[in-house]
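Residue strings, one per chain:
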Amino acid sequence: MGGGAARSRCPLRLRRRLLLVLLGLCSWTAALRGNDNSEALPESIPSAPGTLPHFMEEPDDAYIIKSNPIVLRCKAMPAMQIFFKCNGEWVHQNEHVSEESMDETTGLKVREVFINVTRQQVEDFHGPEDYWCQCVAWSHLGTSKSRKASVRIAYLRKNFEQDPQGKEVPIEGMIVLHCRPPEGVPAAEVEWLKNEEPIDSNLDENIDTRADHNLIIRQARLSDSGNYTCMAANIVAKRRSMSATVVVYVNGGWSSWTEWSNCNARCGRGWQKRSRTCTNPAPLNGGAFCEGMSVQKITCTSLCPVDGNWEVWSEWSVCSPECEHLRVRECIAPPPRNGGKYCEGLSQESENCTEGLCIQDIETASDIALYSGLGAAVIAVAVLVVGVTLYRRSQSEYGVDVIDSSALTGGFQTFNFKTVRQGNSLLLNSSMQPDLTVSRTYSGPICLQDPMDKELMTESSLFNPLSDIKVKVQSSFMVSLGVTERAEYHAKAHSGTFPHGNNRAFATIQARNKATYIQNLSSISTRSELKTTAIFGHLGGRLVVPNTGVSLLIPHGAIPEESSWEIYLAITQKESSLQPEGTDVLLGPEVTCGPSDLSVSTPFALTIPHCAEVNPEHWNIHLKKRTQQGKWEEVMSVEEETTSCYCLLDPYACHILLNSFGTYALIGEPISDCAVRQLKVAVFGCLSCNSLDYNLRVYCMDNTPCAFQDVVSDERLQGGQLLEEPKLLHFQGNTFSLQISVLDIPPFLWRIKPFTACQEVPFSRVWCSSQKPLHCAFSLERYTPATTQLSCKICVRQVKGHEQILQIQTSILESERETITFFAQDDSNFPAQMGPKAFKIPYSIRQRICATFDTPNAKGKDWQMLAQKTSINRNLSYFATQSSPSAVILDLWEARHQHDGDLDSLACALEEIGRTHSKISDITETETEEPDFNYSRQNGL
């Protein structure tokens, strides 16, 4: 009974509990089906023994991208039902998607539920916290709640809160690039790119990208230069920051000095140098150039080799039994030193001391008599020959007087001689029967620079055709000529010869010739300085001494505003007060610019032509300035690096940047025999007083425009005409002389005076001429007045050196002569230009160039690159000291291109640097409006 009652009670209790569960489910179902979703579901149902639902998967935080809904999922076991609650409200049953399965291991029921959340739902929610959802699972024993999953709308703004900024840092410096990414949900992750390649800080310990999105490079290396970009990205989008250019620069450092070079002169005074380079390290990426000099020079003196020389022979020794005596000498007068040659010849000499009558060799007395007779015969014959020679010399005599008249005729000599016998080599035509009673005067040249110069010229090849003639030079160039096989002859001076002394009367010179000579002489002696003046103000300008190659450039802004100065530029035509020492050469004109008390704020450019063939291995060129006391002091050597002034040596001119006015000159010191002085060879011609004679004057002058203008001015006064385009002769400093000769004269139309076909000038006359043009004159004679055309060649050559041949083809009549232009570039019409017209580059363009290149650039394209592209490669430290290095570089460019105005080359230089992109219309015209900073190869810049 008891057991049966118990069994009857257990089903009863079970039925009651199931009833309660069913009632709860009915009420829950009614709530779900009701119209009001806000009605709360029961938090739990009556529990039953077992396990509460366990969540195998809970909803995760999610982000809505654009308009795409997100899916929240929940999975629990064992679970009879699972529902979502969002923002405290139950989600409608229709919005759930449920899946049911059985766990094979435990046999429990597994339920998984999905819901969608749209962007509109999230946007419509306005609460103190983010939109959230939570799932609730039921089992027989009760309920379980999952974690709250937030749902947010994802976005990423476009603009960075902070872009990285470019930097220029020295090598081994620290680089910090800051980056604050745009605002976004979820927060953006940052990645760094270098030159569009991702940076992995795990592979490079020197780089750290973990510190608050910043990029840190602990020690900058050259390889760290580049363009850096900050990349921000989340699930919505990616954003790129502005690129930041990082330049790791290297300041230049000097290398060690090289060893001093050997003295360049093997004998006497010379120089030796040492150098260093800005390569330790070399400046990179706009780093500062080394300060100081790259070359040092000092003077040196090499001991000259002394060749040995024999002392005098000693006295003969006592006659030995072998009938010989000896004498000796030593090589001690002086002994060879410093590598000099030892004496040539024997140090000991012996000979028979009995005049061949040694007793040991003579067997009989008859031999003694024989030798004595032979000796007496030889002496008698010698006396007879001497007597005959003296007799012949006393019986026949003729002489020639040569009186130098170059003081009157510009280098002509007059030879007066009387023909003696048929076939004389002095006659023009030895086949003609000579008139022994007529004396004829021939005018021929002797090459002189100064009529009072009495240097002996007997070694000249002037007398090469007369190899059997000896020359005796007397005072005032009275020369006596005599044939070697005859005694010395003399004759009276012809009445038509010119006197040579300065204080003598002109004797019988014709009035017309005398007047012409005096007029020409006075015009040369009274020539004043070539001078140009103009008034300049703040706009600057240019002064030019016409047709001389000398110019002065006053930059814009060099003279203070609201002030003006009268500036002059002059060339000294008189004898220069600068006297070079030794073999030093005055390479160009002495130039004066002023006023001396004017001070300028920026350097002005002075251009002086020179005649040196530029080669630093052969020339050491100095700039000298005359002090107020009249002394000359050295300003600088052209190869020297200094910040006081700057010299740029072009092939034909030297451009000097200076801060003070005064008198300047260029001096060349030859440091080898290969040093070349460039000479211009020009030939002028004119009819002489005698209508049958025609004069040729050959000039060898410095290859400078001012030296040529000096010659042209003289020839215009004398009626001379340029017969052929001048040619350039390279005259080396090797001590060899200069030869000038006339060749290929038509034999039946013209003849040249005796002794004048070839003339030779000593080396010292040419090399140390001190700016005086050397000239030689030749006189040609026509056989008949009907001859009006002249054809010949002028050969000018240095012995063992360069040679030039000028082909003369001209008419001696002025009406038929073809005019040859004196100057290729005649700038006499524009001696002074003021303001913008004086400059090739317009001021507005110039300002933009300076603003661009004076500012340091990350890629190193600053004024140093501008200097390099305009062929300025040395002494850059001078420009570094200027307030605007680019402006000074452009001033130097203006001075170098005053004639050609080669704006195209400047445009090419700028294009190579990469700073130009478009065109300028025509910058050579005066600009009235502010132009765009463009360049055009077609229009010049």
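Not measured: the values here are computed from a predicted model. Sequence order as written defines residue numbering, which begins from 1 separately in each chain. With the structure being a predicted model, the display of local features is reserved for residues of pLDDT at least 70 and the display and counting of side-chain atom pairs for 80 or more, all residues being used for whole-chain, interface and lining totals. Working from all heavy atoms in the structure, the side-chain values ignore hydrogens and water.

Draft legend 1. Representation of the overall build of the protein. Secondary structure elements are defined from DSSP: runs of H or I of at least 4 residues count as helices, runs of E of at least 2 residues count as strands, and each element is numbered from the N terminus. Summing up its helical and strand segments, the protein has 12 helices and 52 strands in all. Any two residues whose heavy atoms approach within 4.5 Å at even a single point are treated as in contact. Once local pairs closer than 6 in sequence are excluded, the contacts in the protein between residues at least 24 apart make up 68%. Only the protein chains shown count as cover for residues, and the accessible areas themselves come from Shrake-Rupley with a 1.4 Å probe. Element-wise, carbon and sulfur atoms account for 50% of the exposed surface of the protein, whose accessible area totals about 49900 Å².

Draft legend 2. Region of interest: the nonpolar core. Nine residue types can take part in a nonpolar core, namely buried Ala, Val, Leu, Ile, Met, Phe, Trp, Tyr and Cys, and a core is a set of them joined through side-chain atoms within 4.5 Å. Burial here depends on accessible area, computed with a 1.4 Å probe over protein chains only, as a share of the maximum for the residue type. Under 20% is buried, over 50% is exposed, and the range in between is partly exposed. Of all hydrophobic cores here, the largest spans 70 residues; its most connected members are Leu552, Leu606, Leu696, Leu738 and Ile794. The next biggest cluster of nonpolar side chains, apart from the first, holds 30 residues, and it includes Ala605, Leu657, Trp863 and Val888.

Draft legend 3. Broad picture of helix H6 (residues 705-718). Residue count minus one, scaled by 1.5 Å, sets the expected span of a helix. With 14 residues, H6 ought to run about 20 Å at 1.5 Å a step, and its terminal C-alpha atoms sit 20 Å apart, in line with that. All buried positions along H6 are accounted for by Cys706, Ala707, Phe708, Gln709, Asp710, Val711, Val712, Asp714 and Glu715. With its phi angle positive at about 80°, Gly719 sits one or two positions after the end of H6.

Draft legend 4. Here's a closer look at the sheet that holds strand S46 (residues 738-743). If you trace the 4 strands from one edge of the open sheet to the other, you get S48-S46-S50-S51, paired in antiparallel fashion. Of all the strands in the sheet, just strand S48 (758-761) and strand S51 (803-811) have a single pairing partner and so form its edges. Ignoring which end each strand starts from, the neighbouring axes of this sheet average 15° apart. Direction of pairing for S46 relative to S48: antiparallel, over a ladder of 4 bridges. Looking across to S48, one finds that Ser741 is bridged to Cys758. Strands pair, by our definition, only if DSSP identifies at least two bridges between them. Between N-to-C directions, angles cover 0 to 180 degrees, with each direction set by a line fitted to C-alpha atoms, over the stretch in contact for helices.

Draft legend 5. Quick look at the pairing of strand S10 (residues 149-156). With respect to burial, S10 is a largely interior element, 6 of its 8 residues being buried. Bridge count for strand S2 (residues 62-65) against S10 is 4 bridges, and the pairing is parallel. Looking at S10, one finds that Tyr63 is bridged to Arg152. Summarising the sheet, S10 and strand S13 (residues 184-185) pair through 2 bridges and their orientation is antiparallel. Paired with Tyr155 across the two strands is Val185, which belongs to S13.

Draft legend 6. Just the packing of aromatic side chains, in detail. Ring pairs shown here join Phe, Tyr and Trp side chains whose ring centres sit within 6.5 Å, with only the six-membered ring taken for Trp; geometry is labelled stacked below 30 degrees between planes, edge-to-face above 60, and tilted in between. This model, assessed by the stated rule, comprises 14 aromatic pairs. When the ring of Tyr694 is compared with that of Trp750, the centres are 6.4 Å apart and the planes differ by 70°; the resulting orientation is edge-to-face. Of this pair, Tyr694 sits in strand S43 (residues 693-702) while Trp750 is found in strand S47 (residues 750-752), placing the two residues 56 residues apart along the sequence. Neither Tyr694 nor Trp750 differs from the other in exposure class; each is buried. With a centroid separation of 5.5 Å and 20° between ring planes, the pair formed by Phe763 and Trp767 is classed as stacked. One end of the pair, Phe763, and the other, Trp767, are both in helix H7 (residues 763-767), 4 residues apart, so they sit about a helical turn from each other. Taking relative accessible area as the criterion, Phe763 reaches 15% and is therefore assigned buried. Since its relative accessible area comes to 2%, Trp767 is described here as buried. Positioned above the aromatic ring of Phe708, the side-chain terminus of Lys680 is 4.8 Å from the ring centre. In this scheme, the term charge over a ring applies when either NZ of a lysine or CZ of an arginine sits within 6 Å of the ring centre and within 35 degrees of the ring normal.

Draft legend 7. Layout of the sheet that holds strand S1 (residues 54-57). If you trace the 4 strands from one edge of the open sheet to the other, you get S1-S3-S7-S6, paired in antiparallel fashion. Strands at the two margins of the open sheet, each flanked by one partner only, are S1 and strand S6 (97-102). When the angles between neighbouring strand axes are averaged without regard to direction, this sheet yields 25°.

Draft legend 8. Spotlight on the packing of helix H8 (residues 843-854) against helix H11 (residues 885-896). For the pair H8 and H11, interaxial distance at closest approach is 8 Å and the crossing angle is 130°. With respect to H11, the element H8 is oriented oblique. Of the two possible hands of crossing, H8 and H11 adopt the one that is right-handed. Touching Arg846, Ile849, Cys850, Phe853 and Asp854 of H8 are Pro885, Ser886, Ala887, Leu890 and Asp891, all from H11. Residue type decides the class: Asp, Glu, Lys and Arg count as charged, Ala, Val, Leu, Ile, Met, Phe, Trp, Tyr, Cys and Pro as nonpolar, and the leftover types, Gly among them, as polar. Looking at the contact of H8 with H11 residue by residue, the classes come out as 6 nonpolar, 1 polar and 3 charged. The cut-offs work like this: below 35 degrees is roughly parallel, past 145 is roughly antiparallel, 65 to 115 is roughly perpendicular, and the gaps in between are oblique. Handedness of a helix crossing follows the sense of rotation of the near helix relative to the far helix, less than a right angle counterclockwise being left-handed and clockwise being right-handed.

Draft legend 9. Looking closely at the pattern of salt bridges. Each salt bridge in this description consists of a side-chain nitrogen of Lys or Arg and a carboxyl oxygen of Asp or Glu lying within 4 Å of one another. Within the structure shown, the criterion is met by 25 salt bridges. Notably, a salt bridge pairs Glu669 with Arg269, separated by 3.4 Å at the nearest N-O pair. With Glu669 in strand S41 (residues 662-670) and Arg269 in strand S21 (residues 268-275), this pair connects stretches of sequence that are 400 residues apart. For Glu669, a relative accessible area of 10% gives the class buried. Here Glu803 ties to Arg797 by a salt bridge, and the two come within 3.8 Å at their closest N and O atoms. The exposure class of Glu803 is partly exposed, given its relative accessible area of 39%. With relative accessibility at 26%, the residue Arg797 sits in the partly exposed group.

Draft legend 10. Inspection of H11 at higher detail. With 12 residues, H11 ought to run about 16 Å at 1.5 Å a step, and its terminal C-alpha atoms sit 17 Å apart, in line with that. Among the 12 residues of H11, 11 are classified as buried, and the element is accordingly described as predominantly covered. Inspection of H11 places Pro885, Ser886, Ala887, Val888, Ile889, Leu890, Asp891, Leu892, Trp893, Glu894 and Ala895 among the buried residues, and these make up the whole buried set.

Draft legend 11. Looking closely at unusual backbone geometry. In this model, Val185 is joined to Pro186 through a cis peptide bond whose omega is -5°. The residue Pro186 is located in the loop between S13 and strand S14 (189-194) in this model. Put simply, Gly594 and Pro595 share a cis peptide bond, and its omega is 15°. Secondary-structure assignment places Pro595 in the loop between strand S35 (591-594) and strand S36 (604-609). If you check the backbone angles, Cys323 has positive phi at about 65° while not being a glycine. When its relative accessible area of 8% is taken as the criterion, Cys323 is described as buried.

Draft legend 12. Structural detail: the confidence of the model for the protein. One confidence number per residue, pLDDT, is output by the predictor and ranges from 0 to 100. On average, the protein scores 76 in pLDDT, and the residues at 70 or more come to 73%. Here residues 915-941 is modelled with pLDDT under 50, and outside its nearest four sequence neighbours on either side it reaches 61 contacts, counting other chains as well.

Draft legend 13. Expanded view of the side chain of Ser146. As for its placement among the helices and strands, Ser146 is situated in the loop between strand S9 (143-145) and S10. For Ser146, a relative accessible area of 5% puts it in the buried group.

Draft legend 14. Structural context of the state of the cysteines. Throughout, disulfides are identified as pairs of cysteine sulfur atoms within 2.5 Å of each other. This structure, assessed with the given rule, holds 8 disulfides. Paired through a disulfide, Cys74 and Cys135 show a sulfur-sulfur distance of 2.0 Å. Taking the sign of the torsion about the S-S bond as the criterion, the disulfide between Cys74 and Cys135, at about 50°, is right-handed. Linking Cys74 in strand S3 (residues 70-77) with Cys135 in strand S8 (residues 131-138), this pair joins segments that are 61 residues apart in sequence.

Draft legend 15. Structural view of the environment of Glu912. With respect to the element layout, Glu912 can be found in helix H12 (residues 903-913). The exposure class assigned to Glu912 is exposed, which follows from its relative accessible area of 54%. Separated by 43 residues in the primary sequence, Glu912 and Lys869 place their C-alpha atoms 8.1 Å from one another.

Draft legend 16. Here's a closer look at the side chain of Thr704. Turning to its location among the elements, Thr704 is positioned in the loop between S43 and H6. Excluding its chain neighbours within four sequence positions, the residues that come into contact with Thr704 are Leu587, Pro609, His610 and Cys611.

Draft legend 17. Local environment of a nonpolar patch on the surface. Residues qualify for a patch when their relative accessible area is over 30% and they have no salt bridge, like charges being joined within 9 Å and the nonpolar side chains of Val, Leu, Ile, Met, Phe, Trp and Tyr within 5 Å. There is a patch of nonpolar side chains on the surface, built from Ile171, Leu222 and Leu284 and spanning about 230 Å² of accessible area. Within the secondary structure, Ile171 sits in the loop between strand S11 (167-170) and strand S12 (175-177). With a relative accessible area of 38%, Ile171 lands in the partly exposed category.

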